Amino acid sequence: MPDWYRTREDPDHKGLETTNNITSILLLGFPDLQNHKLPFFSLLVLIYCGTISGNLLIMVLYLVSKTLQSPMYFFITQLSIFDLLLTTDIVPVLLNTVLHGGSTITLSGCIIQFVFFANSVFSECLLLSFMSFDRYVAICNPLRYNAIMNHTLCVIAICIIWVMGYIGTFIYVISMCNLYFCGPNVIDHFYCDLEPILQLSCSDTSLIHIQSFIIGFFFAISPFIIIVTSYVYIVITILKIPSNTGRHKAFSTCSSHLIVVSIYYGTLIMVYIFPKRDQSLTIGKILSLIYTVLTPMLNPIIYTLRNRDFKEALNRLKLLL
């Protein structure tokens, strides 16, 4: 038996029980970029500051502007919260990893990082699907929009999204608590994702892989199906509008959301659905970098630069300051 696979005597003398032999984990990050770590570190700092500033700005504008008090902007604000949680969970550890050529994190800290990461991803997928439903009602059934997308429904939907996100991650936590981790204690990534964590375990992980497929279908694939279905009906409705001006105006109301969904789901699909053998480890890290670090910065830019209401609210805020 290998040295790293240790056992201890069961207190009840019923046999031998496997114990964890890992107390800390080394995240390698991007070892190939050590010769360029300072420029890369500086770029990440700028992206992190831009992400924090942009998402906080959206939240402040929503709170102080009466013209932004609508379901669409309420959901955009919630998206900013999820982006802030995701980037705050990932980027500080990534900065430390890049600066020092690696980062040491405890096993429990690694699992906690994955929990916050998974909760953010699950919640954001559910939120994007509900945002697509909001756009569907606004374009396909505009006369009943205010009646359907009322404040009560929006608040209930957000509460359900938060609760479901925590339920999904809680299932993972229960499963991971039943695993034994015996090494090696090195993860060739810049954050603790599910598969790299499971590779450290000497237990049977087949059950958690089945759970991962079921959870992934519920939190990622099902919302994606809802998004695609919503936009099929949206496109059909837009094509029925007789004037080019009307079609352009209708499409502009959902174009920002469509761009965000395309970037976010595009990278998720390439990382988690395409076979790992079809992409190198470096490409996988770069794709993960896009949706964990870059996308949270792009979302505020996409929604504010393409939105007249946000621009007007920003101008009014400047006058107040």
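Residues numbered from 1 in each chain as written. Predicted model: local features only at pLDDT ≥ 70, side-chain atom pairs only at ≥ 80, totals over all residues. Heavy atoms only, no water.

- Naming follows an unreviewed UniProt entry, where the protein chain appears as Olfactory receptor of Engystomops pustulosus.
- Checking UniProt for the protein chain, the heading Sequence similarities (unreviewed entry) contains the comment "Belongs to the G-protein coupled receptor 1 family." (UniProt positions renumbered as here; feature names shortened; annotations may be inferred.)

Thoughts on helix α5 (residues 151–177)
Item 1. If you check α5, its first and last C-alpha atoms are 39 Å apart, about what 27 residues at 1.5 Å a residue would give, namely 39 Å.
Item 2. The secondary structure elements touched by the buried residues of α5 are α2 (71–100), α3 (107–140), α6 (194–198) and α7 (206–239).
Item 3. Between the side-chain oxygen at the start of α5 and the backbone nitrogen of T152 there is a gap of 3.2 Å, and the oxygen is on N150. (Helix = DSSP H or I, 4+ residues; strand = E, 2+ residues; numbered from the N terminus. Expected span 1.5 Å × (residues − 1). Contact = heavy atoms within 4.5 Å. Polar contact = N/O pair within 3.5 Å; in protein donor to acceptor, adjacent residues only side chain to side chain.)

Some words on the state of the cysteines
Item 1. Here the structure, examined in full by the defined rule, presents one disulfide.
Item 2. Each disulfide pairs two cysteine sulfurs, and for C110 the partner residue is C192, the sulfurs being separated by 1.9 Å. Every disulfide takes its handedness from the sign of the S-S torsion; for C110 and C192 that torsion is -120 degrees, giving left-handed. Of this pair, C110 sits in helix α3 while C192 sits in the loop between β5 (186–187) and α6, placing them 82 residues apart in sequence. Both residues of the pair, C110 and C192, count as buried. (Disulfide = S-S within 2.5 Å. Buried < 20%, exposed > 50% of the residue type's maximum accessible area, 1.4 Å probe, protein only.)

Focus: the packing of aromatic side chains
Geometry of an aromatic ring pair is reported as the spacing of the ring centres plus the angle between the planes.
Item 1. Tallying each qualifying case throughout the model produces 23 aromatic pairs.
Item 2. Summarising the aromatic geometry, the rings of F30 and F40 are spaced 5.4 Å apart at their centres and angled 80 degrees between planes, so their arrangement reads as edge-to-face. Residue F30 is located in the loop between β3 (24–27) and α1 (37–64), and its partner F40 is located in helix α1; the two are separated by 10 residues in the primary sequence. In this structure, F30 and F40 share a single accessibility class: buried.
Item 3. Arranged with centres 5.3 Å apart and planes meeting at 80 degrees, the rings of F75 and F130 form a pair that is edge-to-face. One end of the pair, F75, is in helix α2; the other, F130, is in helix α3, and 55 residues separate them in sequence. Here F75 and F130 have matching classes, each one buried.
Item 4. Of note, K285 hangs over the ring of F30, and the distance from its end group to the ring centre comes to 5.7 Å. (Phe/Tyr/Trp six-rings, centres within 6.5 Å; stacked < 30°, edge-to-face > 60°. Lys NZ or Arg CZ within 6 Å of the ring centre and 35° of its normal.)

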